[in-house]
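One letter stands for each residue in the lines below.
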Amino acid sequence: MFSLFPIVPSLQLHPLLRKIQFTNSAGEDVSFHEMRHRMAHYDIHNIVNFPAGFRLLIKIGLVLNEDMIEWPVAFKETPQSLCSQRCGPGFRKMPQEGKHVCCYTCVVCPERDISNHTDAEQCIPCADHEYPNMERNHCLPKLVTFLAFEESLGMALACLALCFSVLTAAVLWVFVKHRDTPIVKANNRTLSYILLITLLLCFLCSLLFLGRPNTATCLLQQIAFGLLFTVAVSTVLAKTITVILAFKALKPGRTTRRLLVSGASNSLIPICFLIQLALCGIWLGTYPPFIELDAHSEHGHIILVCNKGSVTAFYCVLGYLGSLALVSFTVAFLARNLPDTFNEAKFLTFSMLVFCSVWVTFLPVYHSTKGKVMVAVEIFSILASSVGLLGCIFFPKCYIILIKSDKNSLKALKNQHSYAGS
């Protein structure tokens with residue numbers, strides 16, 4: 001309990017006491033405003049209770065000395081004038097509905113915001129090149145990062161690309177070494193060489209997506225990917241048409257034989273390539289890919305990525321490639337049961353099924369990821385689809401060339417034809 005007693009006027013009135021105005025127990029109006037009440041200055045006393053009902057007034061002055069105040073038993077510490085504790089740095093005040101303005105809730109600042117002083121009304125967002133610390137009271141500079149060769153994911157993808165490149169080169173060497181055998185001659189060995197070289201470049205092209213992006217790599221990534229896979233898929237289509245022409249050539253008629261001998265199916269490759277090249281040229285001429293700083297996908301990092309530029313052009317290139325793959329799969333599927341010495345049509349069907357499955361799966365996964373994971377998904381799709389073409393088309397032939405060499409002869413070929421004819 002506190003009591004006010006007049007003292008000799010000497011010091012100014014405390015700023016808070018100047019605003020006090022009340023009616024005392026005697027019914028008198030009391031005001032401490034210096035203009036309205038020219039009474040002596042007041043001091044503050046604390047009434048201390050003793051046993052047997054004795055009380056004593058203890059002077060604690062206008063500047064309160066908390067150590068001299070005796071509080072009732074219910075109070076464990078000096079009561080606060082606010083109904084809420086102060087909100088420290090990293091928090092902001094949120095008013096409580098239906099309560100006084102001094103009553104509020106302390107709320108942690110959002111993920112990208114900070115507050116650097118007590119009882120902040122609002123949090124302050126960090127700049128794009130900065131991120132909040134754990135306490136949300138200070139902004140730290142973000143680290144620039146990208147899918148590098150040195151990190152585990154980048155190293156794993158690079159090793160896969162190089163291993164498959166070496167494997168493709170080995171298959172090409174086997175085919176060149178055994179170029180005069182029936183299995184290599186079957187179904188146009190020139191197309192086999194073109195497809196193997198293209199697949200080798202496809203594996204190496206995935207390395208363009210690794211490392212620190214620059215203007216050159218951003219331009220080459222999508223263009224090389226689109227053109228190389230167009231050559232690969234059009235080569236598969238040309239090989240499938242060759243199977244069909246070879247079957248038709250067995251029947252009377254010179255037109256089909258003339259087409260087969262002239263290698264007309266091979267002309268599909270430059271035609272398909274030129275169409276894709278035109279699409280890529282329009283892409284580069286209108287809104288080409290460029291370097292982008294992704295400051296929001298990964299906390300505390302700015303990720304360097306290659307922006308596709310024109311999304312429409314990107315999907316035109318991808319859509320053309322998908323349409324070409326779908327045509328190749330359809331033609332191969334229709335020709336799968338044609339009599340073929342080494343089941344070329346069936347292998348081509350399986351290879352295009354794998355290719356189409358990879359890229360159909362790629363689209364939803366690609367759009368659900370961001371930053372370095374998005375780049376890794378594209379690299380993985382390039383590797384997986386290339387492996388599908390290499391494995392389904394060339395591994396069975398390498399098995400016969402290297403392990404079942406007795407089947408890679410004219411005698412075995414004649415026996416197989418005789419068996420098929422019977």
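Residues numbered from 1 in each chain as written. Predicted model: local features only at pLDDT ≥ 70, side-chain atom pairs only at ≥ 80, totals over all residues. Heavy atoms only, no water.

**Overview of the environment of Glu151**
Put simply, the rule reads: Here a helix means four or more residues in a row that DSSP labels H or I, a strand means two or more in a row labelled E, and each is numbered from the N terminus. Here the term buried applies to any residue with accessible area under 20% of the maximum for its type, exposed to any over 50%, and partly exposed to those in between, with areas from a 1.4 Å probe on protein chains only. Between N or O atoms, a polar contact is any pair within 3.5 Å; within protein, one atom must be a potential hydrogen donor and the other a potential acceptor, and residues adjacent in sequence are included only when both atoms are from side chains.
Considering the arrangement of structural elements, one finds Glu151 in the loop between strand E12 (143–145) and helix H1 (152–177). Overall, Glu151 belongs to the partly exposed group, its relative accessible area being 25%. Here Ala148 takes part through its backbone nitrogen, which lies 3.1 Å from a polar atom of the side chain of Glu151.

**Let's talk about the state of the cysteines**
Filter applied, for reference: Only a pair of cysteine sulfur atoms within 2.5 Å counts as a disulfide in this structure description.
By the definition in use, this model includes 4 disulfides. Each disulfide pairs two cysteine sulfurs, and for Cys87 the partner residue is Cys106, the sulfurs being separated by 2.0 Å. Disulfide Cys87-Cys106: the torsion about the S-S bond is -95°, which places it as left-handed. Placement of Cys87 in the loop between strand E5 (55–59) and strand E6 (91–95) and of Cys106 in strand E7 (residues 104–108) is noted, with a sequence separation of 19 residues between them. Residue class for Cys106 comes out partly exposed when judged on its relative accessible area of 32%. For the unlinked cysteine Cys163, the closest cysteine sulfur is that of Cys159, found at 6.2 Å.

**A closer look at the packing of H1 against helix H9 (residues 371–402)**
When two helices pack together, you describe them by how their axes are tilted relative to each other and by the distance separating the axes. Stated formally: Only C-alpha atoms enter the line fits that serve as axes; for helices the fit covers just the stretch in contact. Angles between N-to-C directions range over 0 to 180 degrees. Roughly parallel means an angle under 35 degrees; roughly antiparallel, over 145; roughly perpendicular, 65 to 115; everything else is oblique. Should the near helix be turned anticlockwise from the far one by less than a right angle, the crossing is termed left-handed; should it be turned clockwise, right-handed. Whether two residues are in contact is decided by their heavy atoms: any pair within 4.5 Å suffices. Gly is put with the polar residues, along with every residue not named as nonpolar or charged; the nonpolar set is Ala, Val, Leu, Ile, Met, Phe, Trp, Tyr, Cys and Pro, and the charged set is Asp, Glu, Lys and Arg.
Orientation of H1 relative to H9, taken along the N-to-C sense of each, is 25°, at an axis distance of 10 Å. Taken together, the axes of H1 and H9 are roughly parallel relative to one another. By crossing handedness, the relation of H1 to H9 is classed as left-handed. Where H1 abuts H9, its residues Leu153, Leu157, Leu160, Ala161, Phe164, Leu167, Thr168, Val171, Val174 and Phe175 lie against Ala376, Ile379, Leu383, Val387, Leu390, Phe394, Phe395, Lys397, Cys398, Ile401 and Leu402. Grouping the amino acids of the contact of H1 with H9 by side-chain chemistry returns 19 nonpolar, 1 polar and 1 charged.

**Some points on the side chain of Lys308**
Within the element layout of this structure, Lys308 appears in the loop between strand E14 (301–307) and helix H7 (311–334). Residue Lys308 is classed as buried on the basis of its relative accessible area, which comes to 12%.

**Side note on the UniProt feature "transmembrane region" (unreviewed entry) in the protein**
Filter applied, for reference: UniProt positions are given in the numbering used here, feature names are shortened, and annotations may be inferred rather than shown by experiment.
Here the UniProt-annotated "transmembrane region" (unreviewed entry) positions come out as residues 153–176, 191–211, 223–247, 259–284, 312–335, 347–367 and 379–402. Overall, residues 347–367 shows 100% helix and 0% strand. The separation of its end C-alpha atoms is 31 Å. End C-alpha atoms of residues 379–402 are separated by 31 Å, and the span's content is 100% helix alongside 0% strand.

**Quick notes on the layout of surface pockets**
Applied cut-off: For each structure, a 1 Å grid was placed over the protein atoms alone; sets of points admitting a 1.4 Å probe that cannot get out are labelled cavities, open sets with protein on both sides within 12 Å along at least five of seven lines are labelled pockets, and lining residues have an atom within 4 Å of a point. Grid points are joined across faces, edges and corners, and a volume is the space filled by probe spheres set on the points.
If you add up the space inside the second largest pocket, you get close to 430 Å³. Lining the second largest pocket are 26 residues, with Cys306, Asn307, Lys308, Tyr366 and Met374 sitting closest to its centre. Those elements that place two or more of their residues in the lining of the second largest pocket are helix H4 (215–249), strand E13 (290–294), E14, H7, helix H8 (344–367) and H9.

**Focus: the sheet that holds E13**
Defined as follows: For two strands to pair, DSSP has to find at least two bridges joining them.
Strand order in the open sheet formed by 3 strands is E12-E14-E13, with mixed pairing between adjacent strands. In the strand order of this sheet, the two ends are held by E12 and E13, each with one partner. Averaged over all pairs of adjacent strands, the angle between strand axes in this sheet comes to 30°, irrespective of strand direction.

**Considerations on the nonpolar core**
Our working rule: Only buried Ala, Val, Leu, Ile, Met, Phe, Trp, Tyr and Cys residues count toward a nonpolar core, and they belong to the same one when joined by side-chain atoms within 4.5 Å.
In terms of nonpolar packing, the biggest core is built from 62 residues, with Phe175, Phe225, Phe355, Ile379 and Phe394 touching the most fellow members. At 13 residues, the largest contribution of residues to this core is made by H9. The contact partners of Phe394, leaving out residues within four places of it in the chain, are Val171, Phe175, Ser192, Leu195, Leu196, Leu199 and Leu389.

**Comments concerning the environment of Leu274**
Looking at the secondary structure, you find Leu274 in helix H6 (residues 268–286). Taking the C-alpha atoms as reference points, Leu274 and Thr230, separated by 44 residues in sequence, lie 9.7 Å from one another.

**As for the confidence of the model for the protein**
Put simply, the rule is: As a per-residue measure, pLDDT tells how confident the predictor is, with possible values from 0 to 100.
Residues with a pLDDT of 70 or more make up 73% of the protein, whose mean pLDDT is 79. Counted against residues more than four places away or in other chains, residues 3–11, with its pLDDT under 50, gives 24 contacts. Overall, residues 417–422 carries pLDDT values under 50, and its contacts beyond four positions in sequence, including any with other chains, amount to 1 contact.

**Thoughts on the side chain of Lys397**
Relative to the helices and strands, Lys397 resides in helix H9. Dropping the residues within four chain positions of it, Lys397 is found in contact with Phe175, Ile183, Lys239 and Glu344.

**A word on unusual backbone geometry**
One non-glycine residue with positive phi stands out, namely Asp119, at about 55°. Inspection of the secondary structure assignment puts Asp119 in the loop between strand E8 (113–114) and strand E9 (124–125). Judged by relative accessible area, which is 15%, Asp119 ranks as buried. With a phi close to 60°, Arg136 is a non-glycine residue in the positive phi region.

**Examining the pattern of salt bridges**
Where we set the bar: Definition used for salt bridges: Asp or Glu carboxyl oxygen within 4 Å of a side-chain nitrogen of Lys or Arg.
For the structure on display, the rule yields 4 salt bridges. Here Glu121 and Lys93 are joined by a salt bridge, their closest N and O atoms 3.3 Å apart. Of this pair, Glu121 sits in the loop between E8 and E9 while Lys93 sits in strand E6; the two residues are 28 residues apart in sequence, bridging distant segments of the chain. Given a relative accessible area of 17%, Lys93 falls into the buried group. Two residues, Asp180 and Arg189, come together in a salt bridge whose shortest N-O distance is 3.5 Å.

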